[in-house]
Amino acid sequence: MVETAPIVRSVDIATTAERLFPLLVEPESLQQWWPDVAELEPHVGGRVRMEFRGGESIVTGEVKRFEPPRALAFTWVRAERPEISTFVELTVTELDSQCCRVEVVHSGWEHAPEWRPLHDAGWVHFLDCLAALAEGRPFDKQF
C-alpha cells in the first residue's frame, strides 16, 4: 500500500521555546543539526534554500508561517522534481519551564509517495540531532 498521509514526528527537548526557536531559523544553527547549507529569510514570504549530501540534493521553498518562538512553516520543493511541492510545519510547545516539544508535520505526499519513507526516516534522525544540539549532547548529523 502506498502511504500518502502526512509525516508527524515530535521530540521533547530540555530547553525553552525562546532558546530553541533560533535553532530552527538561523542558517548557522540549522547547518549544525540539519542541512549542509541553509538559507532562510525569517518572515512570511521569505526564501528557503537548503543543500543536503554535499549539494547532491537541493530543496527550495517559501516561508508560509513565521511566529517566533512557536511556529515555522514553509513549502518544500526538491530540485529534481520542481513541479512537486510538499509542506513542512514545525511547532514548538512549552511543556514546562525547562522543556518543550517540537512537532513536525510534513504533508503533501500525494504526488510523491515514493519520497515519504526517506523523509520520515530523515525527520526521526534530524529531530534527534536538534534535541542533542539544544541539550549540549554529542551527535552525528550524517544521514
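Before reading on, note that the structure itself is shown above.
## Details of the packing of helix α1 (residues 17–25) against helix α3 (residues 116–135)
Link 1 in the chain: Relative orientation of the contacting elements α1 and α3 amounts to 130 degrees, with a least axis distance of 11 Å. Taken as axis vectors, α1 and α3 run oblique relative to one another. Two packed elements cross with a definite hand, and for α1 against α3 that hand is right-handed. Residues Leu20, Leu23 and Leu24 of α1 form the contact with α3, whose participating residues are Leu130, Leu133 and Ala134.
Link 2 in the chain: A per-class count over the contact of α1 with α3 returns 6 nonpolar, no polar and no charged.

## What about the environment of Glu110?
Link 1 in the chain: Looking at the element boundaries, Glu110 is found in the loop between β7 (99–107) and α3.
Link 2 in the chain: Residue class for Glu110 comes out exposed when judged on its relative accessible area of 53%.
Link 3 in the chain: Taking C-alpha positions, Glu110 is 8.0 Å from Ala5, a pair spaced 105 residues apart along the chain.

## A look at the pattern of salt bridges
Link 1 in the chain: What the rule picks out here adds up to 13 salt bridges.
Link 2 in the chain: With a closest N to O distance of 2.8 Å, Arg9 and Asp120 form a salt bridge. Placement of Arg9 in strand β1 (residues 7–13) and of Asp120 in helix α3 is noted, with a sequence separation of 111 residues between them.
Link 3 in the chain: The exposure class of Asp120 is buried, given its relative accessible area of 16%.
Link 4 in the chain: Note that Arg47 is salt-bridged to Glu39, the shortest N-O span being 2.3 Å.
Link 5 in the chain: Classification of Arg47 by relative accessible area gives partly exposed; the value is 39%.
Link 6 in the chain: Judged by its relative accessible area of 32%, Glu39 is partly exposed.
Link 7 in the chain: Sharing partners across several salt bridges, the network here consists of Arg65, Glu67 and Glu89.

## Quick word on the sheet that holds strand β5 (residues 71–78)
Link 1 in the chain: Read across the open sheet, the 7 strands follow the order β1-β7-β6-β5-β4-β3-β2; overall the sheet is antiparallel. If you trace the sheet from one side to the other, it starts and ends with β1 and β2 (37–40), each paired once. Recorded for the sheet is a direction-independent mean angle of 20 degrees between the axes of neighbouring strands.
Link 2 in the chain: Running at roughly 165 degrees to strand β6 (residues 86–96), α1 makes contact with β1, β2, β4 (57–67), β5, β6 and β7 of the sheet.
Link 3 in the chain: Contacts from α3 reach β1, β5, β6 and β7 within the one sheet, and its direction differs from that of β1 by about 10 degrees.

## Brief notes about the layout of surface pockets
Link 1 in the chain: Each pocket or cavity is described by its volume, and for the largest pocket that value is around 380 Å³.
Link 2 in the chain: Contributing to the lining of the largest pocket are 18 residues, with Trp34, Phe52, Arg53, Phe126 and Phe143 lying nearest its centre.
Link 3 in the chain: Mapped by element, the contributors of at least two residues to the lining of the largest pocket are β4, β5 and α3.
Link 4 in the chain: A per-element tally of the lining of the largest pocket places α3 first, with 5 residues.
Link 5 in the chain: The residue inventory of the lining of the largest pocket, partitioned by class, reads 8 nonpolar, 6 polar and 4 charged.

Analysis parameters
Residues numbered from 1 in each chain as written. Predicted model: local features only at pLDDT ≥ 70, side-chain atom pairs only at ≥ 80, totals over all residues. Heavy atoms only, no water. Axes fitted to C-alpha atoms, helices over the stretch in contact; angles between N-to-C directions. Helix = DSSP H or I, 4+ residues; strand = E, 2+ residues; numbered from the N terminus. Parallel < 35°, antiparallel > 145°, perpendicular 65-115°, else oblique. Left-handed = near helix turned anticlockwise from the far one by under 90°. Contact = heavy atoms within 4.5 Å. Nonpolar A, V, L, I, M, F, W, Y, C, P; charged D, E, K, R; others polar. Buried < 20%, exposed > 50% of the residue type's maximum accessible area, 1.4 Å probe, protein only. Salt bridge = Lys/Arg side-chain N within 4 Å of Asp/Glu carboxyl O. Pairing = 2+ DSSP bridges. 1 Å grid on protein atoms, 1.4 Å probe; cavity = no way out; pocket = protein on both sides within 12 Å on 5 of 7 lines; lining within 4 Å. Points joined across faces, edges and corners; volume = space filled by probe spheres on them.

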